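Chain by chain, the residues:
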Amino acid sequence: ASGQVQEALEPLEHCIAAYANDPDSYAARVTAARALLELRRSAEAKKLLLDNLQQEGLTPRSTGWRDSLILLGEILHSEGVVAITESRQLGWDNVDELKRREAVNKLAEASELFTQALDRLSEAARRYPDDPSTTNVRYLVADARRHLAQRPRVGLLSESIESRRIELARQMHGQLEQAYQDFD
């Protein structure tokens, strides 16, 4: 199956290279990004989507811009889920200090990805409130916030200073409350 996806990718890449500013190339970038995701080449997919978002010939009113924004947010969210899962597997409360530190670093990476996803997806939800994909976008926004609450929660496991614990708890509850409002 990956051979078929690779075959489908070739004419898309040709279109993008030969007709970089043609309106069809914007749609080709989105389609190529989806194909690249199937081939597990997310860095290349993100680059194509960012190219669309940064093109002067494409505006937020266009379908290509909207689709690029939403797909980029979805990719970042998915990468955040992978990173937070790896972090959990390493063990936030692991007795091995090295493993715990590695888990916390992976959690920081996940938090950054969720923050980037939240930026893109929140923008999409604001710009396209009536679009059929907005229901899923709003779900991903809320889910990203829910995941972002994990970082202060994990900080509570090792923090002994009461004022810092209160601040971490406030951050965690703030993210969870916002997630609840986003789900609603």
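See the structure above.
Below, the structure is looked at part by part. (Residues numbered from 1 in each chain as written. Predicted model: local features only at pLDDT ≥ 70, side-chain atom pairs only at ≥ 80, totals over all residues. Heavy atoms only, no water.)

On to the overall build of the protein. For the protein, the helix and strand inventory stands at 8 helices and 0 strands. Judged by the C-alpha coordinates and their principal axes, the protein covers about 60 × 35 × 25 Å. Within the span of the protein, comprising 184 residues, buried residues form 43% of the whole. Restricting the contact set of the protein to residue pairs at least 6 apart, pairs at least 24 apart contribute 59%. As presented, the protein carries roughly 10600 Å² of accessible surface, and 50% of it is formed by carbon and sulfur atoms. (Helix = DSSP H or I, 4+ residues; strand = E, 2+ residues; numbered from the N terminus. Buried < 20%, exposed > 50% of the residue type's maximum accessible area, 1.4 Å probe, protein only. Contact = heavy atoms within 4.5 Å. Areas by Shrake-Rupley, 256 points an atom, 1.4 Å probe, with all protein chains shown as cover.)

Of all hydrophobic cores here, the largest spans 46 residues; its most connected members are Leu49 and Val137. Elements with a contribution of two residues or more to this core: α1 (2-18), α2 (23-38), α3 (42-54), α4 (63-90), α5 (97-127) and α6 (134-148). Those residues in contact with Leu49, other than ones at most four positions away along the chain, are Val30, Ala33, Ser68, Leu71, Leu72 and Ile75. (Core = buried A, V, L, I, M, F, W, Y, C linked by side-chain atoms within 4.5 Å.)

Before going further, it helps to spend a moment on the packing of α6 against helix α8 (residues 162-183). The angle between the axes and the distance between the axes are what describe a pair of packed helices. Running from N to C, α6 and α8 point in directions that differ by 165°, and their axes come no closer than 8 Å. Judged by the angle between their axes, α6 and α8 are roughly antiparallel. Once α6 is placed against α8, the crossing between them reads as left-handed. Residues Arg138, Tyr139, Val141, Ala142, Asp143, Arg145, Arg146 and Leu148 of α6 touch α8, and the partners they reach there are Gln175, Leu176, Gln178, Ala179, Gln181, Asp182 and Phe183. Of the residues contributing to the contact of α6 with α8, the split by class is 7 nonpolar, 3 polar and 5 charged. (Axes fitted to C-alpha atoms, helices over the stretch in contact; angles between N-to-C directions. Parallel < 35°, antiparallel > 145°, perpendicular 65-115°, else oblique. Left-handed = near helix turned anticlockwise from the far one by under 90°. Nonpolar A, V, L, I, M, F, W, Y, C, P; charged D, E, K, R; others polar.)

Another point: the pattern of salt bridges. Think of it this way: side chains of opposite charge can pair up when their charged atoms draw near. Per the counting criterion, the structure on display carries 12 salt bridges. Ionic pairing is found between Glu97 and Arg101, a salt bridge with its closest N-O pair at 3.1 Å. Taken as a pair, Glu97 and Arg101 lie in helix α5 at a separation of 4 residues, close to a single helical turn. Its relative accessible area of 46% is what places Arg101 among the partly exposed residues. We note a salt bridge from Lys106 to Glu109, for which the minimum N-O separation is 3.3 Å. Of this pair, Lys106 and Glu109 both sit in helix α5, 3 residues apart, roughly one helical turn. (Salt bridge = Lys/Arg side-chain N within 4 Å of Asp/Glu carboxyl O.)

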